[in-house]
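Results of the structural survey
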Amino acid sequence: MKLKKWLIGLLLTFGALFLIFKFIAWPYMQGETKKISPQKVATYTQNGMDLSVAYSSPFKKGRVIFGELVPYNAVWRTGANEPTTFTTKTAIKIIDKELPAGTYAIWTIPGKDSWSVIFNSEVPDWGVTLLSGGKDTTRDAATDVVQVEVPSNSLSAERESFTISFDEGNPVNLSLSWDETIVQIPINN
């Protein structure tokens, strides 16, 4: 009987701790990280396209970014905090691959000379596992919709904060830039 009461007490304690973490500590931690890596939105509404990207923008702060903070040849959630999301209201092409209307998580695999850019139909809550200290992503490759390879180029001036923008042209480019690196993903309809 004492063991049963002890187990019930233990379960109630863990349950209470879980609820405190889920409803108090986790939202607080998310709010604090967004102060360090503010949330931003880039939009493009021309040429029959209605596109938006929501992302968190971390800062360089004197660190070596690509190859160290963001390792080469490993999946990156492409920003900080929650995964970066890409929304298109119409079907488009990423280079030559069809992407239906919808909202997608953007995952990248940075390389020294080129990056893989992945549009995934599953948008997880945080994008990395807490136990890995943020190194392991929660991307499910089975839900990848489009994956393309784009060249990595050098910027003429260092960029302090991670920035996503749409650069007009034919085709329009979705540009990801940070530190001394820029990659551009061609989009057309």
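The structure under discussion appears in the preceding block.
Residues numbered from 1 in each chain as written. Predicted model: local features only at pLDDT ≥ 70, side-chain atom pairs only at ≥ 80, totals over all residues. Heavy atoms only, no water.

Here we look at the overall build of the chain
Counting its secondary structure elements, the chain contains one helix and nine strands. Ordered by position from N to C terminus, the α and β elements of the chain give α-β-β-β-β-β-β-β-β-β. The buried share among the 189 residues of the chain stands at 38%. In the chain, the proportion of contacts linking residues at least 24 apart, taken out of those at least 6 apart, comes to 57%. (Helix = DSSP H or I, 4+ residues; strand = E, 2+ residues; numbered from the N terminus. Buried < 20%, exposed > 50% of the residue type's maximum accessible area, 1.4 Å probe, protein only. Contact = heavy atoms within 4.5 Å.)

Examining the sheet that holds strand β1 (residues 39-44)
Backbone-to-backbone hydrogen bonds join strands into a sheet, with any given pair of strands oriented parallel or antiparallel. One open sheet holds the nine strands; their spatial order is β1-β2-β3-β6-β7-β8-β9-β4-β5, and the pairing between them is antiparallel. With partners counted over all chains shown, the strands left at the sheet margins are β1 and β5 (97-99), one partner each. In this sheet, adjacent strand axes meet at a mean angle of 35 degrees when their direction is disregarded. In the sheet, strand β6 (residues 102-109) pairs with strand β7 (residues 114-120) via five bridges, with the strands oriented antiparallel. Each residue of the ladder has a partner; that of Ala-105, found in β7, is Asn-120. (Pairing = 2+ DSSP bridges. Axes fitted to C-alpha atoms, helices over the stretch in contact; angles between N-to-C directions.)

Here's the deal with the side chain of Asp-179
As for its placement among the helices and strands, Asp-179 is situated in strand β9 (residues 172-188). Relative accessible area serves as the criterion here: at 8%, Asp-179 is assigned to the buried category. Only 3.1 Å separates the side chain of Asp-179 from the side chain of Lys-60, close enough to count as a polar contact. (Polar contact = N/O pair within 3.5 Å; in protein donor to acceptor, adjacent residues only side chain to side chain.)

Considerations on the pattern of salt bridges
All chains considered together, the criterion is met by three salt bridges. Lys-89 serves as the salt-bridge partner of Asp-50, at 3.6 Å between the closest nitrogen and oxygen. Taken together, the positions of Asp-50 in the loop between β1 and β2 (51-56) and Lys-89 in the loop between β3 (84-88) and β4 (92-94) put the pair 39 residues apart, joining distant regions of the chain. Taking the relative accessible area as the measure of exposure, Asp-50 reaches 28% and is therefore partly exposed. Here Lys-89 falls in the exposed class, since its relative accessible area comes to 60%. The residue Glu-98 makes a salt bridge to Lys-93 at a minimum N-O spacing of 3.9 Å. (Salt bridge = Lys/Arg side-chain N within 4 Å of Asp/Glu carboxyl O.)

Quick look at unusual backbone geometry
Cis rather than trans, the peptide bond between Asn-170 and Pro-171 has omega equal to 10 degrees. The residue Pro-171 is located in the loop between β8 (144-167) and β9 in this model. Residues other than glycine seldom take positive phi values, yet Asn-47 does so here, at roughly 55 degrees. Structurally, the position occupied by Asn-47 is in the loop between β1 and β2. The backbone of Thr-78 shows a phi angle near 65 degrees, a positive value even though the residue is not glycine. Following the sequence through the fold, Thr-78 ends up in the loop between β2 and β3. Taking relative accessible area as the criterion, Thr-78 reaches 1% and is therefore assigned buried.

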